[in-house]
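# An overview of the molecular structure
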Amino acid sequence: ADHYDYVVVGGGNAGLVVAERLTEDSNISVLVLEAGLDYNSDFNVTYLSVPGLDLTVTGGSMVDWNYTTVPQEHLANRQVAYPRGYVIGGSSSTNFMAYTRGSAAPYDEWAAIGNEGWGWNDVYPYFKKSCKFTPPLANQSYIPYEASVYAGEGPLSVTFGHYIEPISVYFADALTNKTGPNLEMKETNDGAPIGVGYLATTVKPADSTRDSSWTSFGVEASSRSNFKVQTHSLASRILFSDTKSNGNLVATGVEYTDSTGATQTAYADKEVVLTAGAFGSPQLLMVSGVGPSQQLQGNGIDVLVDLPGVGQNLLDHLFFGPVYEVTNNITTAGQFSNNVTLYQEYMAEWKFGEGELSGAISSMSAWERVPDDFLDSIGATELKNLREDWNHLQLEVIAGGSVPSGKAGNYVSPAAVLSYPFSKGNVTIVSASTKDKPLVQPNWLSSEIDQKLAVWAFKQVREVMLGDTMAPIVLGEAYPGLDVTSDEDILAAIAAVAHPIYQASGTCAMKAEADGGVVDSKLVVYGTQNVRVADASIFPIITSANTMAPVYMVAEKAADLIKADQ
Ligand SMILES: Cc1cc2nc3c(=O)[nH]c(=O)nc-3n(C[C@H](O)[C@H](O)[C@H](O)COP(=O)(O)OP(=O)(O)OC[C@H]3O[C@@H](n4cnc5c(N)ncnc54)[C@H](O)[C@@H]3O)c2cc1C
């Protein structure tokens, strides 16, 4: 049988970072088990590499787990598609590449609830550690940035897309106008995001290709003999010793199914590190006997540790907004996806690292607070009391979109995102096998405050789109249409189309066990001696922007915590 010092389950965004950092020491051996596909041989890697094709690798593709949620009561009972990367690099290989850290405040709150060492000042160096920053092109002087915010020596390329969609420039301008919310244009990765910024992205500047945790950290480590990655390897169970240490379970390895379907065991002489993501990590704990006792027993699993928080506290950022028809000079994904000649032209440009496909589909974001008087009117005291640098909303625009009627036209989708959701959900298992996907219940918009905030945000986005700045390019509101005006009708219009931006987190929360926590501040699972979780599942409170950058940070810090305990 195979022995390693560490077995890392999930070669995704976080897992490859942990494995790369641990194997910097040639005396340490690490095996990474990844259920999904190999980057190069299994899939047309072009789709993963071209930033402007990011929408094509989500939903329905073979590099995706293709989750769907259970019917969402407050989203018109829809079962919403929930992509997760099923490929080495995980969701960093299939996501939209926006590198955002959000406000410093949530991290300070992580520390305030008892997680020493996780405040903004503690984690800031870990954000920088992954990054290798390249400033925008000389002709992109309209992009505000501060190189010092990124300055690190890590393998992950962070830069701005060589192509910024015109709609992003228009929308950013409108948000900085006095007629809009009058936000300031700024570098937004400095912990104080309130304002408008162009999105830093994980794209290699030399050739405008996606930089995933595989192409950065994974490739960096792959020549080391102490670093081994196995794709097509689905972990089925954590194995524990019959004897406990100080009352805690001791993991001895991981059982998995290899590419031939055979059951194998990988032994971990030191630790098992779970980086299977916000759905995979809680699932693996539960099928291994660590989780809410009733749920485990209901699936015929022996309860080794009754840990009620496993799979709970599912947090996410909901995305919704109207759709506008715009003039044809505004480039959109709709234009090239319906026009082979145009697509080929763009691909030819991309080969030189330029043109419409060299940037991700979304290039700007704004972060804002909702005015106090509105928050008072809906009784949202908790939101009002969030530290003043903690944004309530994120605004963005997608250069693409569709209208439910399927009408032809050139569309864009400006949208709002709820940054501090009150609606929480959970992940539950349906069997003792990891071959059966767990049920995903986000419970979106189950909170009345979330509903009211969503309606407010929707109206604001509409006002901006119908304002003076956008007038030269906006032809009309294609969805839901200007006859939809009452709060009730707007909420129904939101419910009919809202979807997450795939930031699932919180399902193995780092907080006190008595408060539903699953891991302590060293990321060790309660009731175990040597199982850690080091991915988006550990966020006790969701960060205020997209979750990839914080996942890199968590993984960097996890590697140091593990090294310190050797
Ligand atoms: C379509 C999409 C777009 C997104 N856009 C952005 C964006 O622009 N910016 C941003 O910041 N965030 C974005 N996100 C979110 C961000 O990508 C994720 O939060 C982050 O990558 C999650 O990292 P992770 O390591 O927790 O999980 P993942 O990267 O998903 O890694 C988990 C890995 O574990 C593997 N795995 C699961 N179960 C098992 C098992 N039993 N055995 C073996 N392996 C297993 C999976 O195959 C996967 O590779 C997006 C996500 C998606 C899906």
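What you see is a predicted model, and the numbers here were worked out from it, not measured in a lab. (Residues numbered from 1 in each chain as written. Predicted model: local features only at pLDDT ≥ 70, side-chain atom pairs only at ≥ 80, totals over all residues. Heavy atoms only, no water.)

### Structural notes on the domain arrangement of the protein
Using the following cut-off: Residue ranges for the domains trace back to a domain assignment, done automatically or taken from a database. Pairs of residues are marked as contacts when any of their non-hydrogen atoms sit within 4.5 Å. Buried area: the accessible area, evaluated with a 1.4 Å probe, that two parts lose upon being put together, summed over both parts.
Along its sequence, the protein is organised into domain 1 (1-72 + 82-97 + 212-317 + 502-538 + 559-566) and domain 2 (163-204 + 318-418 + 445-497). Between domain 1 and domain 2, the C-alpha centre-to-centre distance is 33 Å. Listed per partner, the contact involves 14 residues of domain 1 and 18 residues of domain 2. With both chains or domains summed, domain 1 and domain 2 bury close to 1,200 Å², and 67% of this area falls on carbon and sulfur atoms.

### A short note on the sheet that holds strand 5 (residues 131-133)
Just so we agree on the cut-off: The pairing criterion for strands is at least two bridges between them, as found by DSSP. Helix and strand assignments follow DSSP, with helices taken as H or I runs no shorter than four residues and strands as E runs no shorter than two, numbered in order from the N terminus. Between N-to-C directions, angles cover 0 to 180 degrees, with each direction set by a line fitted to C-alpha atoms, over the stretch in contact for helices.
If you walk across this open sheet you meet the 3 strands as 5-6-8, and the pairing is mixed. Looking along the sheet, the strands with just one partner apiece sit at the ends: strand 5 and strand 8 (200-201). The pairing of strand 6 (residues 156-160) with strand 8 spans 2 bridges and is antiparallel. Its bridge partner lying in strand 8, T159 is registered against T201. Running over the sheet, helix 4 (residues 120-130) touches strand 5 and strand 6 and is turned about 65° from strand 5.

### Overview of the packing of helix 1 (residues 13-22) against helix 6 (residues 214-221)
Helix packing for two helices is described by the angle between their axes and how far apart those axes are. Condition: Our angle categories are set so that under 35 degrees counts as roughly parallel, over 145 as roughly antiparallel, 65 to 115 as roughly perpendicular, and the remainder as oblique. By convention the crossing between two helices is left-handed if the near helix lies anticlockwise of the far one by an angle smaller than a right angle, and right-handed if it lies clockwise.
One can describe the packing of helix 1 onto helix 6 by two numbers: an axis separation of 9 Å at closest approach and a directional angle of 30°. By the angle between their directions, the pair helix 1 and helix 6 is classed as roughly parallel. Crossing hand, helix 1 versus helix 6: left-handed. Only W214, F217, E220 and A221 of helix 6 make contact with helix 1, whose side of the interface consists of L16, V17, E20 and R21.

### Observations concerning the site of the ligand
The following threshold applies: Proximity is defined per residue: any heavy atom of the residue falling within 4 Å of a molecule or strand makes that residue near it. Counted as a polar contact is a pair of N or O atoms within 3.5 Å, where, for protein atoms, one must be capable of donating a hydrogen and the other of accepting one, and residues adjacent in sequence contribute only when both atoms are in side chains. Reported accessibility uses the Shrake-Rupley method at a 1.4 Å probe radius. Residues are deemed covered only where the shown protein chains occlude them. Ten residue types, Ala, Val, Leu, Ile, Met, Phe, Trp, Tyr, Cys and Pro, are classed as nonpolar, four, Asp, Glu, Lys and Arg, as charged, and the remainder, Gly among them, as polar.
Taken together, 36 residues are adjacent to the ligand, and N13, E34, S91, T547 and M548 come closest. Between the ligand and the protein, one listed contact pairs an oxygen atom with a side-chain N or O atom of W65 at 3.0 Å. Contact between the ligand and S91: an oxygen atom at 2.8 Å from a side-chain N or O atom of the residue. In the complex, 98% of the free accessible area of the ligand, which totals 1,000 Å², lies under the protein chains. Only helix 1, strand 12 (234-240) and helix 15 (548-564) provide two or more residues apiece to the shell around the ligand. Considering only residue class, the shell around the ligand consists of 17 nonpolar, 16 polar and 3 charged.

### Brief notes about the pattern of salt bridges
Definition in use: A side-chain nitrogen of Lys or Arg and a carboxyl oxygen of Asp or Glu constitute a salt bridge if their distance falls within 4 Å. With a 1.4 Å probe rolled over the protein chains alone, any residue whose accessible area is under 20% of its type maximum counts as buried; one over 50% counts as exposed, and the rest are partly exposed.
In total, this model carries 18 salt bridges according to the counting rule given. Residue K384 pairs with D376 through a salt bridge whose shortest N-O separation is 3.0 Å. In this structure K384 comes out as partly exposed when scored by relative accessible area, which is 29%. Taking relative accessible area as the criterion, D376 reaches 45% and is therefore assigned partly exposed. Between D487 and K459 there is a salt bridge, with its nearest N and O atoms 2.6 Å apart. Of the two residues, D487 is situated in helix 14 (residues 487-497) and K459 in helix 13 (residues 448-465); the sequence distance between them amounts to 28 residues.

### Focus on unusual backbone geometry
In this model, Y479 is joined to P480 through a cis peptide bond whose omega is -5°. Counting through the fold element by element, P480 comes out in the loop between strand 24 (474-479) and helix 14. Despite not being glycine, N443 has its phi angle at roughly 60°, a positive value. With a phi angle near 60°, L445 is a residue other than glycine that sits in the positive phi range.

### With respect to the pairing of strand 21 (residues 411-418)
Along strand 21, 8 of the 8 residues are buried, which leaves the element largely enclosed by surrounding structure. Neither face of strand 21 is open: one carries Y411, S413, A415 and V417, the other V412, P414, A416 and L418, and all of them are buried. One ladder, built from 2 bridges, connects strand 17 (residues 318-320) with strand 21; its direction is antiparallel. Bridged to F320 within strand 21 is A416. Where strand 18 (residues 323-326) lies against strand 21, 2 bridges are found, and the strand directions are antiparallel. Its bridge partner lying in strand 21, Y324 is registered against V412. Judged from the 6 bridges that link them, strand 20 (residues 393-398) and strand 21 form a sheet pairing that is antiparallel. The partner of E396 across the bridge, within strand 21, is A415.

### Some thoughts on the packing of aromatic side chains
The cut-off we apply is this: Stacked, edge-to-face and tilted are the three classes for Phe, Tyr and Trp ring pairs, Trp counted by its six-membered ring, which pair at centre distances within 6.5 Å; planes under 30 degrees apart are stacked, over 60 edge-to-face, the rest tilted. In our convention, an over-ring charge means Lys NZ or Arg CZ found within 6 Å of a ring centre and within 35 degrees of that ring's normal.
What the rule picks out here adds up to 26 aromatic pairs. Here Y67 and F279 contribute two aromatic rings whose centre-to-centre distance is 4.8 Å and whose plane-to-plane angle is 65°, an arrangement assigned as edge-to-face. In this pair, Y67 is assigned in strand 3 (residues 67-68) and F279 in helix 7 (residues 277-287), connecting sequence segments 212 residues apart. Taking 6.4 Å as the distance between ring centres and 70° as the angle between the ring planes, the aromatic pair formed by F96 and Y502 counts as edge-to-face. Of this pair, F96 sits in the loop between strand 4 (81-82) and helix 3 (104-112) while Y502 is found in the loop between strand 25 (499-500) and strand 26 (531-533), placing the two residues 406 residues apart along the sequence. Given a relative accessible area of 25%, F96 falls into the partly exposed group. Owing to a relative accessible area of 21%, Y502 belongs among the partly exposed residues under this scheme. Here a set of aromatic residues connected by ring pairs shows up, and it is made of W65, Y67, Y82, Y86, F96, F279, W444 and Y502. Lying over the aromatic face of Y67, K437 brings its terminal NZ or CZ to 5.6 Å of the ring centre. Just above the ring of W118 sits the side chain of K557; from NZ or CZ to the centre is 5.1 Å.

### Comments concerning the environment of P292
With respect to the secondary-structure elements, P292 resides in the loop between strand 15 (290-291) and helix 8 (293-298). The exposure class assigned to P292 is buried, which follows from its relative accessible area of 13%. Residues P292 and V272, 20 residues apart in the sequence, show an inter-C-alpha distance of 21 Å. The residues contacting P292, other than those within four sequence positions of it, are M286, D306, L307, P308 and V310.

### Section: the nonpolar core
One broad rule of soluble globular proteins: the nonpolar side chains tend to lie buried together. Worth spelling out the cut-off: We define the nonpolar core as a collection of buried residues of types Ala, Val, Leu, Ile, Met, Phe, Trp, Tyr and Cys that are connected through side-chain atoms lying within 4.5 Å of one another.
Y99, W118 and L285 are the most contacted members of the largest nonpolar core, which totals 161 residues. For this core, the two domains that each supply at least three residues are domain 1 (1-72 + 82-97 + 212-317 + 502-538 + 559-566) and domain 2 (163-204 + 318-418 + 445-497). Ignoring any residue separated from it by four or fewer positions in sequence, one finds L285 in contact with I238, L274, V290, V310, C508, V518, V525, V531 and V533. Membership of the second largest hydrophobic core comes to 15 residues, among which are Y346, W350, I361 and I398.

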